[in-house]
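So you can see what is in the structure, the chains are spelled out below.
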Amino acid sequence: MNRWFLQSWCNVNSRLDNARLAAIHPFSPLIMKGAAPASSRKQLSRCVSEHRGNWDLMSAAGSIKAIDDPVAIGSGETMTCQNLELFANPLPSLDGKAVLPALAASQLPTLLISGWACVTSGTACAAFSALAGQHWRLLLGPWNHGGVQHVRYCRETKLLKFPKAKAVQEFLLYHMPRQGFAQSSVPAWLASPKPEVHFYVCGASPAWQHSTEWPPKNVVKKQLWLSTSQLTWTKDDLEHEGSTQLPKATDLVRYKWKASAVAKGRALLFETSVCPTTLAVIGSAVLTLRLRSSKDQDADIFAYLRERPPDGGDLVYITEGALRLSYRREEEAPDHEKAADPHSSDSSMASFGVVPHHSYRRQDIQMLPAEGETTTARLKFFPVAYRFRAGSKIALVIAPDDAAHYAPNPLAGPHPPFICHSTSEQSMLWLPIKEQQLSL
């Protein structure tokens, strides 16, 4: 559970419900009015008091341990997280279709917007890959959820030159009846009826690229093998026997990583040799870990894809993925996830690089095996488009928790599992790499 996000969201809702705009931010009353103002103080007090019994989302979320766990909502009904599925949960109000398939069936022009620092980016990419029809557009920028912040990943990531508000306005005006542009003034990105993706490649110049499909052409997954503190492009460098124990859980994971975090044993660091040329990663990376159990029943994996800049400075955050190991059981991925997943360059090992689809159902929760036994766990990273600079290094940081943001694992203890990286027990990082570089 992303405790930090849910708690922050619930706090804002509570302050709105209680007409305490200034508690959100001192300047909030200057830019928002809140709910419609009551005609008198007495009426305001009555209205606010009606909200005191509102459903407590934070309390309900804390009781959810699996995707099929029932939870009581404000109306008194029960639901599960499966009811929120956009691709496969049929709704009577949509003639038995799920939300996104119903949208595609409507044949309406559709604009999907997400950002590389937003958890909706994977859903947006999958929806476009599987369902896009005429006049569909997918806009992916260096934004967080809601697009209120632009992420400057490195010095080469320039400030945004594609305003979202302008893009939305152009899209709506172009497709609204009797409100369209004159033919001579149609924005270039809307001129073709074919579906298009416009995405921002962080660190590239020009940064904005476009494609008629997702993933873009010539994006292929290539594997890096984990070795002792290294990432290597060939398994010839693997040791006959090798493993590294996951650090035990700490109280904080910081996004600005320095060497001291690894030196103090709070995280594991694996790095490649220097990249001789630029390298563009576009899509979702996959981490395949071969694990040997210690004494703990469960553990969490937080993996961060990073770049060591050419000057050897602090690691640059790019994207991340996380998995509680007791939820490692996989099932066949649905079609929309397969559509957004590029193929692997090594056909003999392609199954290890496919984006995993975990069931998250209670019946599939599986503790780690007995001490000394091995198991496999795979996790996917949030999609991203990032250009590694020539002279930089690709880095992978693995941590046992992120207590500042996520609920801790109650079964994680002082004896976490070992990550195997030997010739017989291999762990790999799969990166979706653009083989024929764009104008980078």
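Now for a quick tour of the structure. These figures come from a predicted structure and were not determined experimentally.

Definitions and limits used
- Residues numbered from 1 in each chain as written.
- Predicted model: local features only at pLDDT ≥ 70, side-chain atom pairs only at ≥ 80, totals over all residues.
- Heavy atoms only, no water.
- Helix = DSSP H or I, 4+ residues; strand = E, 2+ residues; numbered from the N terminus.
- Buried < 20%, exposed > 50% of the residue type's maximum accessible area, 1.4 Å probe, protein only.
- Polar contact = N/O pair within 3.5 Å; in protein donor to acceptor, adjacent residues only side chain to side chain.
- Pairing = 2+ DSSP bridges.
- Axes fitted to C-alpha atoms, helices over the stretch in contact; angles between N-to-C directions.
- Contact = heavy atoms within 4.5 Å.
- Salt bridge = Lys/Arg side-chain N within 4 Å of Asp/Glu carboxyl O.

## Some remarks on the side chain of R389
Stage number 1. Secondary-structure assignment places R389 in the loop between strand 16 (384–388) and strand 17 (393–399).
Stage number 2. A relative accessible area of 10% places R389 in the buried class.
Stage number 3. Within the structure, R389 has its side chain in polar contact with the side chain of E307 (distance 2.6 Å).

## Considerations on the sheet that holds strand 3 (residues 110–117)
Stage number 1. Taken together, 4 strands build an open sheet; the order of strands is 3-4-5-6 and the sheet is mixed. If you trace the sheet from one side to the other, it starts and ends with strand 3 and strand 6 (208–211), each paired once. Each strand of the sheet is rotated relative to its neighbour by a mean of 20°, with strand direction disregarded.
Stage number 2. Of the strands in this sheet, strand 3, strand 4 (136–144) and strand 5 (196–200) are in contact with helix 7 (residues 121–131), which crosses strand 4 at around 165°.
Stage number 3. Sheet contacts for helix 8 (residues 164–175): strand 3 and strand 4; angle to strand 3, the most-contacted strand, approximately 165°.

## Comments concerning the pairing of strand 16
Stage number 1. Where burial is concerned, most of strand 16 is hidden: 5 out of the 5 residues are buried.
Stage number 2. The two faces of strand 16 match: V384, Y386 and F388 on one face and A385 and R387 on the other face are all buried.
Stage number 3. Summarising the sheet, strand 11 (residues 279–283) and strand 16 pair through 5 bridges and their orientation is antiparallel. Looking at the pairing, V281 lines up with Y386 of strand 16.

## Side note on the pattern of salt bridges
Stage number 1. As enumerated under the stated definition, the model contains 13 salt bridges in all.
Stage number 2. Between R308 and E271 there is a salt bridge, with its nearest N and O atoms 2.9 Å apart. On the criterion of sequence distance, the pair formed by R308 in strand 13 (residues 300–308) and E271 in strand 10 (residues 268–271) is long-range, its members being 37 residues apart.
Stage number 3. A relative accessible area of 16% means that R308 is categorised as buried.
Stage number 4. A residue is classified by how much of its surface remains accessible, and E271, at 15% relative accessible area, is buried.
Stage number 5. Its salt-bridge partner being E331, residue R361 comes within 2.6 Å of it at the nearest N-O pair.

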